[in-house]
Amino acid sequence: MKGQEGNNPDQEKNTRTIAVNTIARVEGEGALRVTVKDGAIQDVELRIFEPPRFFEAFLEGRRYDEVPDIVARICGICPVAYQMSAVHALEQIFGLRVEGPLRDLRRLLYCGEWIESHALHVYLLQAPDFLGYESGLAMAKDHASLVERGLRIKKAGNAIMTLLGGRSVHPVSAKIGGFSRLPRRQELDELKDELAWARDAAIETIRWVAKFDFPEFAPNYTFVALHHPDEYPLNEGRIVVSGDMDIPVDEFEQYFTEHQVPYSNALHCTVQGASYLVGPLARVNVNADRLPPAVRHVFDETGLSLPLTNPFHGIVARSVEILYALEESLRLIDRYELPSVPSPPVTVKAGVGMACTEAPRGILYHRYQVDSEGVIRKAKIVPPTSQNQGRIEEDLRLFIPRILDRSNEEASLACERVIRCYDPCISCATHFLKLEIQRDL
Amino acid sequence: MSDQLVRCEEARRKPARPKLGVFKFASCDGCQLSILNLEEDLLLLGQVLDIAYFPEASSRMVAGPYDLALVEGSVTTAEDAQRIQSVREQAKVLMTIGACATAGGIQALRNWTDVELLKRTVYPSPQYIQSLYTSTPISGHVKVDMELWGCPIDKGQLLRVITDLLAGVQVRLSSDSLCLDCKRRGNVCVMVAKALPCMGPVTRTGCGAICPSMGRDCYGCFGPTDGALKGSGYPPNTASLANHFHGECGLIPVDVVRKFRGISGNAESFKREGDKWDMKK
């Protein structure tokens, strides 16, 4: 990472620009531009310049059964999330409800993705910030066993996805109504030893990350997450806005609005005009009552308490969810009974359907309008990172004053570390973040 | 191929570890994730190669030249059309990874539509959005030394290519059709048994025949094969397959178009077949 200094001819005299051309260890391309005048922050713009790919537009005119394969390609890190929001929304239109062992299998597939995505972020993307390394690979030179542990946890998640979906990136088996193939009991049993190992490793992970040196920082957050009467949310639940409201998914668009800003290829999202936070931190806070006692116990032992309000604690929340997903996977495997059919027949009809599921990075909303032939007429997708974008900007606004006295390079590094707390997935919203701070000399 | 080998050989003789650069264009990051999914092999790879530029994985960004540049994603903006030129200038061997970089990817579906209309569909203020009218493969802009197909790439195939390059061995990847691999695995043919419109007969092997193994039809994410005559450069017999989809699997012409216009829809032979059936709609 290189800090660059230079004078921009368009700038006022006595100002300078600090530009970091690439923020690393995030998924996607974007930039941060901060303008400081007379010691006060003027603008904070998180610019997402990942090229737009227009998924919502080219879904129009495709058949309903092509949707899971297409929307998976929005994000290589969380394809299952896209597939799940899509199949639930379309099933709502066709009056299909997936229950029992097929529902369990979807939950298991989703757990696999949480484990893979979270372990990647905790060990390879964010832990290097706390331990002072440029990457997980560099960290491995001094902490080989730690990095190996992280990679092995990640591999356990990938193994679930590969068994159920054929491969871990863009799995192929999810379809409207269920799956194209069901795993045999024995195949699932074969995963158990490794998942049990990973569960123990996840406990160690929580203990390890909870001891990191966290900067003190507690913005006043509105947390948004799904909440379900019986379980920690993955595929379904009502949308809860912390301390304020609780709405069915169908009403999402009445309260949450997307708007466009000139500097970004991702749409900003607000709830009743205010920015909000989605993702692991929001989820554990909203769902503290849904964490199984064994998981809660490991968390409580760290000395931290819920709600977690420091974004840097996101790494702890993410680790707690790795443990949860492993516990849940083992539970689901134990009670698995082979369903009678991989997927029931689908009766196509026209209508509008919406669904929201918990992607690793937060709630992911889909709405589809389908005609009587089963062809998509309209699609709307609201990914987690675009929902967090406004909140990341506000947090930077709060955080930057305390680092303005630092050198350009150090200030930039500090901003990058803040941004990484949210595990932004810019491929979803749209990946590199370029950081630019413009300020008076 | 031979000048590329010479360059690898030069790279191999150098005392320093070969420098690897990983570059992203318009994509979902799934192929880069496939590198990170090498798990324990990833740590070994980091010892054998100098991972000099891989922003998704590391804050260390060493300037070129690079012995091997892996390029993910397609070119969809004017800025990226410039950037790929500079990647090419810095790369001894440039290898595309995945369907986007190799054929334009799913986002090449825009090539059949009005991009201004797309922008208006997705964005309230389309004037802020800078985007080219097409999504094009890397080979449409610069010379590409090697191509790895797949959406995503197969990590085993990637590892094999890298080790072959490092060993100075000629890289050979099969361009057989998926059917051959599917038969070897003993799968029941989903087209024969279930009349599913499987793209396997015209699709390049490499994924491990995942879709038929999972009880469904292949959807062509490894792109077209080189054809029945191995290595001949003849296109696959898409016409025969399309007729079969229409006549035996019951697909109406618009559905035949959808089959060919998917993840690898911009690859030449798939594009031609899709366009042909588009005329019949």
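Let me sum up the structure you'll find in this document. (Residues numbered from 1 in each chain as written. Chains lettered and ligands numbered in written order. Predicted model: local features only at pLDDT ≥ 70, side-chain atom pairs only at ≥ 80, totals over all residues. Heavy atoms only, no water.)

1. Description of the pattern of salt bridges
All names here are of chain A.
No. 1: Enumeration according to the criterion identifies 55 salt bridges over all chains in this entry.
No. 2: For the salt bridge of R97 with E99, the shortest nitrogen-to-oxygen distance reads 2.8 Å.
No. 3: The shortest N-O distance in the salt bridge between D246 and R238 comes to 2.6 Å.
No. 4: D246 sits in the partly exposed class, given a relative accessible area of 41%.
No. 5: One network of salt bridges, with partners in common, ties together R97, E99, R103, R107, E231, E236, E328 and R331. (Salt bridge = Lys/Arg side-chain N within 4 Å of Asp/Glu carboxyl O. Buried < 20%, exposed > 50% of the residue type's maximum accessible area, 1.4 Å probe, protein only.)

2. Notes on the nonpolar core
All names here are of chain A.
No. 1: Grouped together as the largest cluster of nonpolar side chains are 193 residues, with contacts concentrated most on L90 and Y368.
No. 2: Considering each element in turn, this core owes the most residues, 16 residues, to helix α4 (residues 100-131).
No. 3: Residues contacting L90, with those up to four places away along its chain left out, are Y64, V67, I176, Y368, V370 and I376. (Core = buried A, V, L, I, M, F, W, Y, C linked by side-chain atoms within 4.5 Å. Helix = DSSP H or I, 4+ residues; strand = E, 2+ residues; numbered from the N terminus. Contact = heavy atoms within 4.5 Å.)

3. Things to note about the sheet that holds strand β5 (residues 146-148) of chain B
Two strands in a sheet stick together by hydrogen bonds in their backbones, pointing the same way (parallel) or opposite ways (antiparallel).
Residues and elements named next belong to chain B.
No. 1: In space, the 5 strands of this open sheet follow the order β2-β1-β3-β4-β5, with parallel pairing throughout. Since the sheet does not close on itself, it has two edges, and those belong to β2 (50-53) and β5, each with one partner. In this sheet, neighbouring strand axes are inclined to one another by 25 degrees on average, regardless of whether the strands run parallel or antiparallel.
No. 2: Pairing between strand β1 (residues 19-24) and β2: 3 bridges, direction parallel. Looking across to β2, one finds that K19 is bridged to D50.
No. 3: Packing of helix α4 (residues 78-90) onto the sheet brings it into contact with β1, β3 (66-72) and β4 (91-97), and relative to β4 it is tilted by some 130 degrees. (Pairing = 2+ DSSP bridges. Axes fitted to C-alpha atoms, helices over the stretch in contact; angles between N-to-C directions.)

4. Some points on the interface of chain B and chain A
No. 1: With 61 residues of chain B at the contact, the number on the chain A side is 67 residues.
No. 2: Between chain B and chain A the total buried area reaches about 5400 Å² when both faces are included, carbon and sulfur atoms providing 61% of it.
No. 3: The tally of links between chain B and chain A comes to 6 salt bridges.
No. 4: Between D69(A) and R216(B) there is a salt bridge; the shortest N-O distance is 2.8 Å.
No. 5: The interface formed by chain B and chain A includes 19 residue pairs in polar contact (both at pLDDT 80 or more).
No. 6: Those elements giving two or more residues to the side of chain B that touches chain A turn out to be α2 (30-36), α3 (40-48), β2, α4, α6 (115-122), α10 (210-213) and α12 (253-260) of chain B.
No. 7: Tallied by class, residues from the side of chain B that touches chain A come to 31 nonpolar, 16 polar and 14 charged. (Buried area = accessible area lost by both parts, 1.4 Å probe. Polar contact = N/O pair within 3.5 Å; in protein donor to acceptor, adjacent residues only side chain to side chain. Nonpolar A, V, L, I, M, F, W, Y, C, P; charged D, E, K, R; others polar.)

5. Observations regarding the packing of helix α6 (residues 144-165) of chain A against α3(B)
No. 1: At a minimum axis separation of 9 Å, α6(A) and α3(B) run at an interaxial angle of 135 degrees. Regarding the angle of α6(A) to α3(B), the classification is oblique. Along the contact surface, α6(A) presents V147(A), E148(A), L151(A) and K155(A), while α3(B) presents E40(B), L42(B) and L43(B).
No. 2: Split into classes, the residues belonging to the contact of α6(A) with α3(B) amount to 4 nonpolar, no polar and 3 charged. (Parallel < 35°, antiparallel > 145°, perpendicular 65-115°, else oblique.)

6. Here's the deal with the environment of Q389(A)
No. 1: Within the secondary structure layout, Q389(A) lies in helix α13 (residues 384-399).
No. 2: Placed 118 residues apart in sequence, Q389(A) and V271(A) show a C-alpha to C-alpha distance of 13 Å.

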